[in-house]
Amino acid sequence: MDIEKAVKERRSIRMFKPEEVPREIIREILDEARWAPSWGNTQPWELYVVTGETLERFKKANRQKCMDGDVHSSEIPMPEVWPEILKKRYIGVGKSVLTSLSIAREDVNARNEYYGDMFNLFGAPCMILACLAKSLNIEYAMLDVGLIMQTICLLAHDKGLGTCMLAGSVRYPGLLRDMLPIPEDRFIVIGTAMGYPDWDSPVNKFERKRANLDEIATWVS
Ligand SMILES: Cc1cc2nc3c(=O)[nH]c(=O)nc-3n(C[C@H](O)[C@H](O)[C@H](O)COP(=O)(O)O)c2cc1C
């Protein structure tokens, strides 16, 4: 697949089919993604591939915590307020998602069920979780994690898979620490859901938006 097509076609998938992704394919994606750039070639990312019974247990417990309204405690602080223009975009994608599923804003139950689905990783059979050593200069290492995650998402797309980077996967890190061998001196950064997209679901088909180029680029010559 050519790069332009892959970049434009990749989209966050919010409904997966239950089929497992063959281990060799996940391995191939990660092996290729090793070529992502990083500060000084430090490659600080530490990845966990979570599948099978462990992932099913995690998804169930993560969903339950969301439904119970448990207080979030991500290890990397998450933004709570946004500048106005970013807030508009953030609200915009939320609206697109709910509208695609015919969920009305005031339908609290349906909205909560949807958030439950999100904490259930939209049914994905695989999660790639990225961690970083706490001793690192974390802001810069976060850039590196972003680079490898996008590389993973593009490679997965090229192989007919779907992905969704999910803050909702790391809001209850205690669950992950109970189930995975993550050392205490590592931060849990972000999980990416991966699997075969359910293309029949409208949530995987709504039109996505981006800011105009002039809003984000300043030319200086
Ligand atoms: C760091 C990060 C965290 C994200 N967390 C979530 C999330 O918790 N739930 C969700 O539905 N999408 C999440 N997304 C997906 C974004 O909403 C999505 O990338 C954005 O709306 C652009 O749409 P696209 O990926 O379909 O192009 C996250 C994306 C990133 C990069």
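Refer to the structure presented above.
Keep in mind it's a predicted model, so treat the numbers as computed, not measured.

Looking now at helix α2 (residues 23–33). Among all positions in α2, only Ile-26, Ile-29, Leu-30 and Ala-33 are buried. Along the long axis of α2, the arc covered by the buried residues comes to 90°, so they all point the same way. Of the exposed residues in α2, the ones pointing more than 90 degrees away from its buried face are Glu-24 and Arg-27.

On the surface, Trp-82, Ile-85, Leu-86, Tyr-90 and Ile-91 cluster together to form a nonpolar patch covering roughly 450 Å² of accessible area. Tracing the backbone through its elements, the reader meets Ile-85 in helix α4 (residues 84–100). We classify Ile-85 as partly exposed; its relative accessible area is 39%.

Counted according to the given criterion, the structure contains 13 salt bridges. Across the pair Lys-8 and Glu-4 runs a salt bridge whose closest N-O atoms are separated by 3.0 Å. Of the two residues, Lys-8 and Glu-4 both sit in helix α1 (residues 3–9), four residues apart, roughly one turn of that helix. Residue classification places Lys-8 among the exposed positions, given a relative accessible area of 57%. For Glu-4, a relative accessible area of 52% gives the class exposed. Taking the shortest distance from any N to any O, the salt bridge between Lys-159 and Glu-28 comes out at 3.0 Å. One end of the pair, Lys-159, is in the loop between α6 (138–158) and β3 (162–166); the other, Glu-28, is in helix α2, and 131 residues separate them in sequence. Ionic contacts of the salt-bridge type, sharing partners, join the residues Glu-28, Glu-32 and Lys-159 into one network.

Strand pairing in a sheet relies on backbone hydrogen bonds. The paired strands run either parallel or antiparallel. Sheet architecture is open: four strands sit in the order β1-β2-β4-β3, paired in antiparallel fashion. At either margin of the open sheet sits one strand with a lone partner, and together these are β1 (46–51) and β3. Within the sheet, the average angular offset between the axes of one strand and its neighbour, ignoring direction, is 25°. As judged from the five bridges shared by β3 and strand β4 (residues 186–195), these two strands associate in the antiparallel manner. Bridging across to β4, Gly-162 finds its partner in Gly-195. Where helix α3 (residues 52–68) meets the sheet, its contacts fall on β1 and β2 (126–133), and the angle it forms with β1 comes to roughly 90°.

Rules used in this analysis
Residues numbered from 1 in each chain as written. Predicted model: local features only at pLDDT ≥ 70, side-chain atom pairs only at ≥ 80, totals over all residues. Heavy atoms only, no water. Buried < 20%, exposed > 50% of the residue type's maximum accessible area, 1.4 Å probe, protein only. Helix = DSSP H or I, 4+ residues; strand = E, 2+ residues; numbered from the N terminus. Arc of directions from axis to C-beta. Patch = residues over 30% accessible without salt bridge, like charges linked within 9 Å, V, L, I, M, F, W, Y side chains within 5 Å. Areas by Shrake-Rupley, 256 points an atom, 1.4 Å probe, with all protein chains shown as cover. Salt bridge = Lys/Arg side-chain N within 4 Å of Asp/Glu carboxyl O. Pairing = 2+ DSSP bridges. Axes fitted to C-alpha atoms, helices over the stretch in contact; angles between N-to-C directions. Contact = heavy atoms within 4.5 Å.

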